[in-house]
Amino acid sequence: MSSIRASIKCNCGQRIIARDVMQTGYYLRLFGPSYVYVKYRCSRCRKMGEQFIKQEEWEGGILRDSAEEVPQEEKERFESLGPIDINEVIDFHFALENLSDLKTLEPPHPPSKKVKQRSSSER
Ligand SMILES: [Zn+2]
């Protein structure tokens, strides 16, 4: 379906696939194309690298033809989720801004080291 044949490659030439990716993020720009930031660790040389990819290439499935290496059920799960839409990212951003009372979130860990509670499980 997609004719975009872009791919991410490590300096050593190894193709980067979905399971090598450690972190991604959107770089939104008001003008010009938006980019997706991808941080990865090469499965061959174990070096970390990072790269910016045009959003359209990312959504065109830049990591996707690793399909044979992904279990079928996982592949189906990913496909049912669909690509992360840029609008979802924006919605999430506004959802965060609209959170007026962070205490309602009840984080599982104390967010600050300055919490004056004695803990026996301190490392
Ligand atoms: Zn490499």
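That block above? That's the structure.
Residues numbered from 1 in each chain as written. Predicted model: local features only at pLDDT ≥ 70, side-chain atom pairs only at ≥ 80, totals over all residues.

Engineer: Break down the overall build of the protein chain for me, citing the residues and quoting the values.
Structural biologist: For the protein chain, the count of helices and strands is three helices and three strands. Counting from the amino terminus, helix and strand elements in the protein chain follow one another as β-β-β-α-α-α. For the protein chain, with 123 residues in total, the buried portion stands at 9%. Intrachain contacts of the protein chain at a sequence separation of at least 6 include 45% that bridge at least 24 residues. (Helix = DSSP H or I, 4+ residues; strand = E, 2+ residues; numbered from the N terminus. Buried ≥ 20, exposed ≤ 12 C-beta atoms within 10 Å, placed from the backbone. Contact = placed C-beta atoms within 7 Å.)

Engineer: Would you mind going over the sheet that holds strand 2 (residues 35-41) in detail, with residue names and values included?
Structural biologist: Reading across the sheet, the three strands line up as 1-2-3 and stay open at both edges, with antiparallel pairing between neighbours. If you trace the sheet from one side to the other, it starts and ends with strand 1 (21-27) and strand 3 (48-54), each paired once. Pairs of neighbouring strands in the sheet enclose a mean axial angle of 20 degrees, with direction left out of account. Looking at chain direction, strand 2 and strand 3 are connected through seven bridges and run antiparallel. Counterpart to Val36 in the pairing with strand 3 is Ile53. (Pairing = 2+ DSSP bridges. Axes fitted to C-alpha atoms, helices over the stretch in contact; angles between N-to-C directions.)

Engineer: Tell me about the nonpolar core, residues and numbers included.
Structural biologist: Among the nonpolar cores identified, the biggest contains ten residues, and these are Ile8, Cys10, Ile16, Val36, Val38, Tyr40, Ile53, Trp58, Ile62 and Leu63. Per-element tally for this core: the top contributor is strand 2, with three residues. Residues in contact with Ile8, not counting those within four places in the same chain, are Ile16, Val38, Tyr40, Gln51, Ile53 and Ile62. (Core = buried A, V, L, I, M, F, W, Y, C linked by C-beta atoms within 7 Å.)

Engineer: How would you sum up helix 3 (residues 86-97)? Please name residues and give values.
Structural biologist: Since one α-helical turn is 3.6 residues long, residues separated by three or four positions face the same way. Between its first and last C-alpha atoms helix 3 spans 17 Å; for twelve residues at 1.5 Å apiece the expected length is 16 Å, and the two agree. Of all twelve residues in helix 3, zero are buried; the element is thus mostly exposed. (Expected span 1.5 Å × (residues − 1).)

Engineer: Got a sec to walk through the environment of Met22? Specific residues and values, please.
Structural biologist: Looking at the secondary structure, you find Met22 in strand 1. Overall, Met22 belongs to the exposed group, with 11 C-beta atoms counted inside 10 Å. With 28 residues separating them along the chain, Met22 and Glu50 place their C-alpha atoms 9.7 Å apart. The contacts of Met22, once residues within four sequence positions are left out, are Lys39, Tyr40 and Arg41.

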